[in-house]
Amino acid sequence: MSQQTKRSAQFIPLILLLVTIATFGGGCASSTLPPALSATEKATLKTGRMAFTVGVETYKFPAYSDALVKALRNTGVFVRVDHLERFSSPPALVARVERAIYGSSAIPLWTLLTLGLVPTKTEESFGYAFSLSRPGLESRRIPVEYSYRGRTTLGWEGLFLRLSPNYSIDPESNQRFRGRLALAILDHEDEIGK
């Protein structure tokens with residue numbers, strides 16, 4: 001074996017490691033985004049604020065209530081959003097996860113075996129189903145939900161799809177999703193204000 005071949009062979013484990021990280025570390029995944037916001041919807045969001053603090057009740061699977069805290073903060077609709085137990089005095093509103101919305105549990109076997117060349121495509125749900133109520137008035141919960149179904153692509157194709165403005169590695173952190181969730185909350189502004 002020549003010196004050149006030996007040197008080249010030394011890089012094979014590094015290349016395989018990088019391909020694996022890119023494929024399964026989120027580098028080669030993308031999901032479709034919700035519809036773009038119209039000019040009217042964007043204008044609504046610019047003025048859509050509520051002077052309420054929101055405490056999020058811990059869900060039986062805490063990852064969902066943790067995610068709801070983050071999502072509600074990201075909307076910018078409320079003055080403060082935090083875990084309920086972190087408030088020293090009761091918040092104006094209590095948010096409760098009502099239904100877990102989660103992605104697919106597809107195992108990308110062919111994508112894994114081909115190091116990302118054969119993509120895995122699956123339909124997933126993104127969003128939140130929760131309620132808002134005044135402390136001590138849980139019987140008067142206001143249901144709020146925003147969710148959508150989108151296609152997730154794993155593998156090298158997913159990496160290239162992210163070049164489009166309609167795909168993201170993390171749809172829930174995208175402005176379109178945050179805006180749509182904020183609009184779903186603002187649709188209940190009159191009920192929440194009572």
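Everything in this summary refers to the structure shown in the same document.

The rules behind the values
Residues numbered from 1 in each chain as written. Predicted model: local features only at pLDDT ≥ 70, side-chain atom pairs only at ≥ 80, totals over all residues. Heavy atoms only, no water. Helix = DSSP H or I, 4+ residues; strand = E, 2+ residues; numbered from the N terminus. Buried < 20%, exposed > 50% of the residue type's maximum accessible area, 1.4 Å probe, protein only. Contact = heavy atoms within 4.5 Å. Expected span 1.5 Å × (residues − 1). Core = buried A, V, L, I, M, F, W, Y, C linked by side-chain atoms within 4.5 Å. Axes fitted to C-alpha atoms, helices over the stretch in contact; angles between N-to-C directions. Parallel < 35°, antiparallel > 145°, perpendicular 65-115°, else oblique. Left-handed = near helix turned anticlockwise from the far one by under 90°. Pairing = 2+ DSSP bridges. Patch = residues over 30% accessible without salt bridge, like charges linked within 9 Å, V, L, I, M, F, W, Y side chains within 5 Å. Areas by Shrake-Rupley, 256 points an atom, 1.4 Å probe, with all protein chains shown as cover. Salt bridge = Lys/Arg side-chain N within 4 Å of Asp/Glu carboxyl O.

Remarks on the overall build of the protein
- Of the regular secondary structure elements, the protein holds 8 helices and 7 strands.
- Buried residues in the protein amount to 40% of all 194 residues.
- If you take every contact in the protein between residues at least 6 apart in sequence, the share linking residues at least 24 apart comes to 78%.

Quick look at helix H4 (residues 62-75)
- Between its first and last C-alpha, H4 extends 20 Å over 14 residues, near the 20 Å set by a 1.5 Å rise per residue.
- Of the positions making up H4, those classed as buried are Ser65, Leu68, Val69, Ala71, Leu72 and Thr75.
- Buried residues along H4 sit against strand S2 (50-56), strand S3 (78-83), strand S4 (93-99), strand S5 (120-133) and helix H7 (175-186).
- Looking one or two residues past H4, Gly76 carries a phi angle of roughly 75°, positive in sign.

Topic: the nonpolar core
- By size, the foremost hydrophobic cluster in this structure holds 33 residues, and its most contacted members are Leu72, Phe78, Phe130 and Ile185.
- Secondary-structure elements contributing two or more residues to this core are S2, H4, S3, S4, S5, strand S6 (142-154) and H7.
- Looking at which element gives the most residues to this core, the answer is H7, with 7 residues.
- Once you skip the residues sitting within four places of it in the chain, Ile185 turns out to touch Met50, Leu72, Thr75, Val77, Phe78, Phe130, Val144 and Ile192.

Thoughts on the packing of helix H3 (residues 39-47) against H7
- The contact between H3 and H7 brings their axes to 10 Å, and the two run at 70°. With respect to H7, the element H3 is oriented roughly perpendicular. Here the hand of the crossing between H3 and H7 comes out left-handed. Within the contact between the two elements, H3 uses Glu41, Thr44 and Leu45 and H7 uses Gly179, Arg180, Ala182, Leu183 and Leu186.

Describing unusual backbone geometry
- A positive phi is found at Leu115, a non-glycine position, where the angle reads about 55°.
- Structurally, Leu115 can be placed in the loop between helix H5 (109-113) and S5.

With respect to the pairing of strand S1 (residues 29-32)
- Residue alternation in S1 divides its side chains into two sets, Ala29 and Ser31 and Ser30 and Thr32, and both sets are buried.
- Bridging between S1 and S6 involves 3 bridges; their strand directions are antiparallel. Paired with Ala29 across the two strands is Leu154, which belongs to S6.
- With 2 bridges joining them, S1 and strand S7 (residues 167-168) adopt antiparallel strand pairing.

Remarks on a nonpolar patch on the surface
- A cluster of nonpolar side chains, contributed by Ile107, Leu109, Trp110, Leu113, Leu117 and Val118, occupies part of the molecular surface with about 720 Å² of accessible area.
- Structurally, the position occupied by Leu113 is in helix H5.
- When its relative accessible area of 55% is taken as the criterion, Leu113 is described as exposed.

Quick word on the environment of Tyr59
- Among the structural elements, Tyr59 can be located in the loop between S2 and H4.
- The spatial distance from the C-alpha of Tyr59 to the C-alpha of Arg96 is 7.3 Å, given a sequence separation of 37 residues.
- In contact with Tyr59, other than residues within four places in its own chain, are Tyr64, Ser65, Val97 and Ala100.

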